[in-house]
Amino acid sequence: MRLIDVPGVGAKLNERLAAHYGDEDSALEALLRGDVAGLQGMRGMSQRQAVALVQRARGAVYSVKPTDFLVTEEAVRIYDSLMELLTSQAHTDRAREKLATYFPSSSRNMVDENRRFAESAITSASLLAGCDLSVHLSRIKPLRKEAAARVRNRAVAVDSPSAIRALKERGVDRAIDVHLVESLRELRDLAQGYDRVTLLGGSIDSFALPEIEEAESDEDWYLVPERVLRRYQENGPILEAMVEAAEVLAESKVASFEGLDDLSERLARLKVDEDPELLRLDRIIAEAEGRVAEAVGWGNAELKKRMERFSLTLAGDDLLSALGRGGDLRDVFKSRMGETFNEVLKEARDMASTDLEMKGAERASLEEIIPQEVRYPLEEDREALIRFVQEVRKRAEAKRLNSLRDLARELAGRWSFVEALHEELLEFDVGYSLGTFALERGLLMPTFAEEGCVGFIEGRNLFLQDPEPVSYSVGPTGLVEAEERTAILSGVNSGGKTTLLELVAQVVILAHMGFPVPAAACRITIFDSLYYFGKSRGTLGAGAFEATMRKFSVLAGGGRKIVLADELEAITEPGASAKIIASLLDELSRGGSVAIFVSHLAEDVARFSEEDLRIDGIDALGLDEDGELIVDRTPVYYRLAKSTPELIIERLARTSEGEEREFYSRLLSKFR
Ligand SMILES: Nc1ncnc2c1ncn2[C@@H]1O[C@H](COP(=O)(O)OP(=O)(O)OP(=O)(O)O)[C@@H](O)[C@H]1O
């Protein structure tokens, strides 16, 4: 098959698709793989169009059209509602988009292929039952592309135009300033504008410039490690969810991922700010000024306290040397109080350094910041403090850059693994979402029969919250003895006839998609098409009647059909309706199709019918204590069930009083 063979792909779309995917073969492969997300990347391609295109391509492989099987609008409506239900429970956009590309068909091969997918999905989901995989998968969003943020305090200098071109081609200049420098002077000028400049190329000797570092590598992880890491940081929550999901899969032995441990360990290290040494340096930078001021304040208070208790006895010698030429009484005081100052200064420095967890050389710097002088009040040396903080900041930055580079070097080559893992997990969720849906709703794979039939035990209408299970069968399913292929379903009002008919449609549609059905057991034939005719409201005028009859004419064609019709009698007056229904059923029966018609005219229809027609009924068993109908929603075979208006009248009689009650009672006696 070629791309152009996909129905709806004309020369123009063929060309656009080939351009989008590189060539025609890749485009066709993408369609068959169900790449709805990729298709939406094309201008003017909506999700709906993308899904339809994928469906047409898939169908073409099996020579079916996606619109072939569901003939009537109401059949399509039931399919749409089923898909909404299924996709609303998918964990990821990928699963939502891809599940939407499945459609019912009459192709046994297509059904079988889908069944293999669904069966393995259910197996995986049951192996994973009880894990919180769904929570992790729900957090896996599309990976975000590199953000625009750039590094501003560093720059890269290169010594040749060709090197700068190469860096620009790689997009390095989008993440950091890149400059061309041709002399030591230019390099020195450049260094003034940045905290650090990395020099690439060996033609300039930067030895004399401490702010310049010669590049050890020209790769991104070295020049701008932030660029490598940002991808990981930006996608942090997604990557975490991916690792957690992959770990659950690996633990349950559903899948294994080589290199996963490595990735998760490195992702943990992405939080570089949690490096204790860096945290310590950052705290010194942020708090040094305050802590030093506190220590000095404490020192002054302490000195004051001690001085108040201090008394000084001067010896005659001291007095003589103070009063002598060049003598100074302050020196005498200094020497006598030196020890007290020493003690207080030491304690003040210890206080600051302990608070800030300072080490070796940092402690030594405090001697400059809180100088060893006998002077009151004590004062810190502001310049020394600023120098110290700058020096610590430089150290912190160098350390941060080194650890960024270490990590970036390790992660640089891992992005393709991340992308592959992301893709694998999203693809896994397509089946997993289907599998969990099937398990949660107790769905089961139907078995296939050759002769036209559909039947199930304990079927549950998926559109109801808490449905009562219902069993029903038409045709030779082997589930019950009644094997007629056409049946009229009669029964009490609100007995559940429409709900059952809709359930049959759900079973037929899901089975023809190769998906499991809501029943405890199910046997069905592969039909060519499904017709669903909903209940029409009120008697139709001549024009509308004509249009409706035209709709039924589609039933005349060949092929094995399954036809579900709800109270067709409303289309015209009862006598004529019964004749029309009878002949439609006869027509279908002769053509080997299967039909279930809900009707209150069962007796008349049977009278006009020439074929083997069965009448089944949903019976009302009476009224409960609250006057509500008690109904057995599973039809009884070969039973004409009346609509039992007498039960409604009985309820009215029970719930009314006085004259009204007497009126209902008189009416009721006519039925007894
Ligand atoms: N199997 C079921 N489990 C739970 N509720 C059901 C079931 N079948 C029908 N019901 C509920 O009973 C009500 C009547 O159902 P439904 O419309 O299918 O009856 P009906 O026989 O088609 O009625 P009518 O003859 O008036 O058209 C609905 O509210 C429906 O949700």
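Rules of the game
Residues numbered from 1 in each chain as written. Predicted model: local features only at pLDDT ≥ 70, side-chain atom pairs only at ≥ 80, totals over all residues. Heavy atoms only, no water. UniProt positions renumbered as here; feature names shortened; annotations may be inferred. Disulfide = S-S within 2.5 Å. Domains from an automatic or database assignment. Helix = DSSP H or I, 4+ residues; strand = E, 2+ residues; numbered from the N terminus. Buried < 20%, exposed > 50% of the residue type's maximum accessible area, 1.4 Å probe, protein only. Contact = heavy atoms within 4.5 Å. Axes fitted to C-alpha atoms, helices over the stretch in contact; angles between N-to-C directions. Parallel < 35°, antiparallel > 145°, perpendicular 65-115°, else oblique. Left-handed = near helix turned anticlockwise from the far one by under 90°. Core = buried A, V, L, I, M, F, W, Y, C linked by side-chain atoms within 4.5 Å. Near = heavy atom within 4 Å. Polar contact = N/O pair within 3.5 Å; in protein donor to acceptor, adjacent residues only side chain to side chain. Areas by Shrake-Rupley, 256 points an atom, 1.4 Å probe, with all protein chains shown as cover. Nonpolar A, V, L, I, M, F, W, Y, C, P; charged D, E, K, R; others polar. Patch = residues over 30% accessible without salt bridge, like charges linked within 9 Å, V, L, I, M, F, W, Y side chains within 5 Å. Salt bridge = Lys/Arg side-chain N within 4 Å of Asp/Glu carboxyl O. Pairing = 2+ DSSP bridges. Phe/Tyr/Trp six-rings, centres within 6.5 Å; stacked < 30°, edge-to-face > 60°.

You'll find the chain entered in an unreviewed UniProt entry as DNA-binding protein MutS2, with Candidatus Methanocrinis alkalitolerans given as the organism. In its Cofactor (unreviewed entry) section, the UniProt record describing the chain reads: "a divalent metal cation".

Peer 1: What is the right way to read the state of the cysteines from this model?
Peer 2: Disulfides are covalent bonds that link the sulfur atoms of two cysteine residues. If you walk through the whole model with that rule in mind, you get zero disulfides. For the unlinked cysteine Cys-522, the closest cysteine sulfur is that of Cys-453, found at 8.7 Å.

Peer 1: Looking at this structure, how should I read the domain arrangement of the chain?
Peer 2: The figure often quoted for interface size is the accessible area lost as the parts come together. Taken domain by domain, the chain comprises domain 1 (1-61), domain 2 (151-234), domain 3 (276-380), domain 4 (447-641) and domain 5 (645-672). Distance from the C-alpha centre of domain 1 to the C-alpha centre of domain 3: 80 Å.

Peer 1: Would you mind showing me how to read the UniProt feature "binding site: ATP" (unreviewed entry) in the chain here?
Peer 2: The positions UniProt marks with the feature "binding site: ATP" (unreviewed entry) are Gly-491, Val-492, Asn-493, Ser-494, Gly-495, Gly-496, Lys-497 and Thr-498. With respect to the helices and strands, Gly-495 occurs in the loop between β8 (486-491) and α21 (497-513). For Gly-495, a relative accessible area of 0% corresponds to the buried category. The residues touching Gly-495, leaving out its near neighbours within four places in the chain, are Ile-618, Val-631 and Arg-633.

Peer 1: Explanation requested: the packing of helix α15 (residues 276-309) against helix α18 (residues 360-369) in the structure shown.
Peer 2: If you want to describe how two helices pack, look at the angle between their axes and the distance between the axes. Where α15 contacts α18, the two axes come as close as 13 Å, and the packing angle between them is 25°. Here α15 is positioned roughly parallel relative to α18, judged by the angle of their axes. For the pair α15 and α18, the crossing hand works out as right-handed. In contact with Arg-280, Leu-281, Ile-284 and Val-292 of α15, α18 contributes Glu-362, Leu-366 and Ile-369.

Peer 1: I would appreciate a short explanation of the nonpolar core in the present structure.
Peer 2: The tendency in soluble globular proteins is for nonpolar side chains to be buried as a group. Judged by nonpolar contacts, the single largest core of 64 residues is most densely connected at Val-454, Phe-456, Val-504, Leu-530, Ile-562 and Leu-564. Contacts of Val-504, omitting those with residues within four sequence positions, involve Val-454, Phe-456, Ile-562, Leu-564 and Ile-596. By size, the runner-up hydrophobic cluster in this structure holds 49 residues, among which are Val-156, Leu-167, Leu-249 and Trp-415.

Peer 1: I would appreciate a short explanation of the site of the ligand in the present structure.
Peer 2: Within the structure, the ligand sits among 16 residues, and Glu-468, Lys-497, Thr-498, Thr-499 and Lys-535 are positioned closest to it. For the ligand, an oxygen atom lies 2.9 Å from a polar atom in the backbone of Ser-494. Protein chains bury 73% of the 630 Å² of accessible surface belonging to the ligand in isolation. Of all the elements, α21 adds the most residues to the shell around the ligand, at three residues. Here the shell around the ligand is composed, by residue class, of four nonpolar, seven polar and five charged.

Peer 1: Which parts of the structure should I look at to understand a nonpolar patch on the surface?
Peer 2: On the surface, Phe-310, Leu-312, Leu-314, Leu-319, Leu-323, Leu-329 and Phe-333 cluster together into a nonpolar patch covering about 570 Å² of accessible area. Its place among the elements puts Leu-312 in the loop between α15 and α16 (316-323).

Peer 1: Would you explain the sheet that holds strand β2 (residues 176-180) in this entry?
Peer 2: Sheets are built from strands that pair by backbone hydrogen bonding, the pairs being arranged parallel or antiparallel. The strand order β2-β1-β3-β4 describes an open sheet built from four strands, whose pairing is parallel. Either end of the sheet is taken by a strand with one partner, and the two such strands are β2 and β4 (212-214). Taking each pair of neighbouring strands and ignoring which way they run, the sheet shows an average axis angle of 30°. Pairing between strand β3 (residues 196-200) and β4: three bridges, direction parallel. Its bridge partner lying in β4, Leu-199 is registered against Glu-214.

Peer 1: Explain the packing of aromatic side chains to me, please; I cannot follow it from the model alone.
Peer 2: Aromatic rings considered in pairs are described by the distance between their centres and by the relative angle of their planes. If you walk through the whole model with that rule in mind, you get eight aromatic pairs. Seen in terms of ring centroids, Tyr-102 and Phe-117 are 5.3 Å apart; in terms of plane orientation they differ by 5°. Their pairing is stacked. Taken as a pair, Tyr-102 in the loop between α6 (93-99) and α7 (108-127) and Phe-117 in helix α7 lie far apart in primary sequence, 15 residues in all. Of the residues examined, Tyr-102 reaches a relative accessible area of 11% and is grouped as buried. Residue Phe-117 is classed as partly exposed on the basis of its relative accessible area of 22%. An angle of 45° between the planes, with centres 5.2 Å apart, marks the rings of Tyr-102 and Phe-515 as tilted. With Tyr-102 in the loop between α6 and α7 and Phe-515 in the loop between α21 and β9 (521-525), the pair connects residues that are 413 residues apart, well separated along the chain. Accessibility expressed as a relative area gives 1% for Phe-515, which makes it buried. Among the aromatic residues, those joined into a ring-pair cluster are Tyr-102, Phe-117 and Phe-515.

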